Amino acid sequence: MKRVYLEICNACNLDCPFCSNPKGQSYLSLEEINDYLDQIRPFCSYIYLHILGEPLMHPDFDMILHLLDEKQMYLQLVTNGTLLKDHPDIIDHPCLRKLSISLHSVNSISIGPDYFKTIDRLIEKDTETLIELRFFDRGNLNDQLKNYLADLKKRYEFMETSRSNSYRLKDHLYVLFEDLFRWPSINDPFISDEGTCHGGIDMIAINSSSEVTLCCLDPYAYNSIGNLKEKKLKEILESERYQLICRQIKEHKLSCELCQKCSYRLRF
């Protein structure tokens, strides 16, 4: 697998209108995280610490980084950026491969100047870690984000990359523009039972209730293939159900109901 999403908590300090977060307060314990990382390691070394929720809210976040280091695993961190001020040295952490800051998360609130100062301190550092500044829903940015984007354009040349709507500002610093996507729901209308996706094959996700599901867009585990409190990950991935789903996806057949109603997969 290319990556595994491990939702260490589903709590968040924001209330973004585009997010389907139920505002839960579910946290995996440090012991559970340590165990799950050991189970993931034979299959994948790249970890994303979220599905929903803000990972920096986890009280043991710094210790989780140390666990990743000890196990020689690598982190791609997505955050709304509001708590980065509490982790000034995060960009230098050995396990961190990529830091994606979703600036559009603060689009609907008034954010203080310290938010942008923290981001500037990070992007001005000489680091090998990739930093990605995300401006999703570009046409509807508030004045604060518009001003910050304008300031970035004064300071850096925006150089096109091979990825659509992605720009390189300097070594290891990128800006990404994308449309907001709609979280799939089991209540959405049927689209098709034919098609493909990266879910299940290139990735799996483990939510904060320890449910293992096919992808990061399934926080409620509609497509659950097992629970780590009941079975080990190896057993789940060797199960007849999971193997059948993967074979079907490779044959462009979608047997899971959420997949049949997901519009995000149409991008592939």
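Because the structure is predicted, anything quoted here is derived from the model rather than measured. Every chain is numbered on its own, with residues counted from 1 as its sequence reads. In keeping with the model being predicted, local features are shown solely for residues with a pLDDT of at least 70 and side-chain atom pairs are shown and tallied solely at 80 or more, while totals for entire chains, interfaces and linings include all residues. No hydrogens and no water enter the side-chain calculation; it runs on all heavy atoms of the structure.

A short note on the pattern of salt bridges
One side chain can pair with another of opposite charge once the charged atoms of both are near each other.
(1) Moving on: One side-chain nitrogen of Lys or Arg within 4 Å of one carboxyl oxygen of Asp or Glu is enough to make a salt bridge. All chains considered together, the criterion is met by 16 salt bridges.
(2) Moving on: Of the charged contacts, one joins E132 and R163 as a salt bridge, the two residues approaching to 3.4 Å between their closest N and O atoms. Linking E132 in strand β5 (residues 130-136) with R163 in the loop between β6 (159-160) and β7 (166-170), this pair joins segments that are 31 residues apart in sequence.
(3) Moving on: A salt bridge links E251 to K253; the shortest N-O distance between them is 3.7 Å. Think of it this way: any DSSP run of H or I at least four residues long counts as a helix, any run of E at least two long counts as a strand, and we number them from the N terminus.

Focus on the packing of aromatic side chains
(1) Moving on: Side-chain rings of Phe, Tyr and Trp, where Trp is taken by its six-membered ring, are said to pair if the distance between their centres is within 6.5 Å; with planes under 30 degrees apart they count as stacked, over 60 as edge-to-face, and otherwise as tilted. Enumeration according to the criterion identifies eight aromatic pairs in this entry.
(2) Moving on: Pairing F116 with Y148 gives two aromatic rings, centres 4.8 Å apart and planes at 35 degrees, and the pair type is tilted. One end of the pair, F116, is in helix α3 (residues 113-123); the other, Y148, is in helix α4 (residues 143-155), with 32 residues separating them in the sequence.
(3) Moving on: The buried label goes to any residue with under 20% of its type's maximum accessible area, the exposed label to any with over 50%, and the partly exposed label to all in between, with areas taken from a 1.4 Å probe on protein chains only. For F116, a relative accessible area of 11% puts it in the buried group.
(4) Moving on: As a reminder, the over-ring test applies to NZ of lysine and CZ of arginine, requiring each to be within 6 Å of the ring centre and within 35 degrees of the ring normal. Its end group placed over the ring of F177, R138 keeps NZ or CZ at 3.9 Å from the ring centre.
(5) Moving on: The ring of F158 is capped by K153, whose NZ or CZ atom sits 5.9 Å from the centre of that ring.

Section: the packing of helix α1 (residues 30-40) against helix α2 (residues 61-70)
(1) Moving on: Between N-to-C directions, angles cover 0 to 180 degrees, with each direction set by a line fitted to C-alpha atoms, over the stretch in contact for helices. Remark: α1 packs on α2, axes separated minimally by 11 Å, with the N-to-C direction vectors making an angle of 20 degrees. Accordingly, the angle class assigned to the pair α1 and α2 is roughly parallel. Remark: the crossing between α1 and α2 carries right-handed chirality. Each of L30, I33, N34 and L37 in α1 lies in contact with α2, whose residues at this interface are M63, I64, L67 and L68.
(2) Moving on: Grouping the constituent residues of the contact of α1 with α2 by class yields seven nonpolar, one polar and no charged. Under this scheme an angle from 65 to 115 degrees is roughly perpendicular, one under 35 degrees roughly parallel, and one over 145 degrees roughly antiparallel; angles in between are oblique. Put simply, a crossing is left-handed when the front helix is turned counterclockwise from the back one by less than a right angle, and right-handed when it is turned clockwise. We call two residues in contact whenever any of their non-hydrogen atoms come within 4.5 Å of each other. Here the nonpolar group is Ala, Val, Leu, Ile, Met, Phe, Trp, Tyr, Cys and Pro; Asp, Glu, Lys and Arg are the charged ones; every other residue, Gly included, is treated as polar.

Side note on the nonpolar core
(1) Moving on: Nonpolar cores were defined as sets of buried Ala, Val, Leu, Ile, Met, Phe, Trp, Tyr and Cys residues, with membership established by side-chain atoms within 4.5 Å. The biggest cluster of nonpolar side chains holds 69 residues, and the ones touching the most others in it are L6, L68, L103, L133 and F135.
(2) Moving on: In this structure L133 touches I101, L103, I119, I123, L152, L173, Y174, V175 and L176, once residues within four positions along its chain are discounted.
(3) Moving on: Residues I51, W183, M203 and L217 belong to the second largest nonpolar core, which totals eleven residues.

So, the sheet that holds β6
(1) Moving on: Note on pairing: DSSP must find at least two bridges between two strands before they are called paired. Strand order in the open sheet made by the eleven strands is β6-β7-β8-β5-β4-β3-β2-β1-β9-β10-β11, with mixed pairing throughout. Whereas interior strands pair on both sides, the edge strands pair on one side only; in this sheet they are β6 and β11 (224-227).
(2) Moving on: With four bridges connecting them, strand β1 (residues 3-6) and strand β9 (residues 203-206) associate as parallel partners. Following the sheet pairing, L6 is matched in β9 by I206.
(3) Moving on: Most of the contacts of α3 go to strand β4 (residues 96-102), to which it runs at about 150 degrees, and overall it touches β4, β5, β7 and β8 (173-178).

What to know about the packing of α3 against α4
(1) Moving on: At their nearest, the axes of α3 and α4 sit 12 Å apart, and the two run at 25 degrees to each other. If you check the angle between α3 and α4, you find them roughly parallel. In this structure, α3 crosses over α4, and the sense of that crossing is right-handed. Contact with α3, carried on its side by F116, I119, D120 and I123, involves Q144, L145, Y148, L152 and R155 of α4 and no other residues of that element.
(2) Moving on: A per-class count over the contact of α3 with α4 returns six nonpolar, one polar and two charged.

A look at the environment of L75
(1) Moving on: Note on placement: L75 falls in strand β3 (residues 74-79).
(2) Moving on: Judged by its relative accessible area of 0%, L75 is buried.
(3) Moving on: Each C-alpha atom of the pair L75 and P94 lies 9.3 Å from the other, and the pair is 19 residues apart in sequence.
(4) Moving on: When neighbours within four sequence positions are excluded, L75 is seen to be in contact with I47, L49, L65, L68, C95, L96, R97 and K98.

Examining the side chain of T213
(1) Moving on: Here T213 is to be found in strand β10 (residues 211-213).
(2) Moving on: The exposure class of T213 is buried, given its relative accessible area of 0%.
(3) Moving on: A distance of 2.5 Å separates a polar atom in the side chain of T213 from a polar atom in the side chain of D218.
(4) Moving on: If we ignore the near neighbours within four places in the chain, the residues touching T213 are I204, A205, D218, A221, N223, S224 and I225. Polar contacts here mean pairs of N or O atoms no more than 3.5 Å apart (in protein, one a potential hydrogen donor and the other a potential acceptor; neighbouring residues in sequence count only if both atoms are side-chain atoms).

A word on α4
(1) Moving on: In this analysis, the expected span of each helix is defined as 1.5 Å times one less than the number of residues it contains. When the terminal C-alpha atoms of α4 are compared, their 18 Å separation across 13 residues agrees well with the 18 Å that a helix rising 1.5 Å per residue should span.
(2) Moving on: Buried residues of α4: L145, Y148, L149 and L152, and no others. Along α4, the residues classed as buried sweep out an arc of 100 degrees about the axis, all on the same side. The exposed residues of α4 that point more than 90 degrees off its buried face are D143, N147 and K154.
(3) Moving on: On its buried face, α4 is in contact with α3, β5 and β8.
(4) Moving on: Near the N-terminus of α4, the side chain that reaches the backbone nitrogen of Q144, with its oxygen 3.2 Å away, is that of N142. Of all possible arcs, the one meant is that of the directions from the helix axis to the C-beta atoms.

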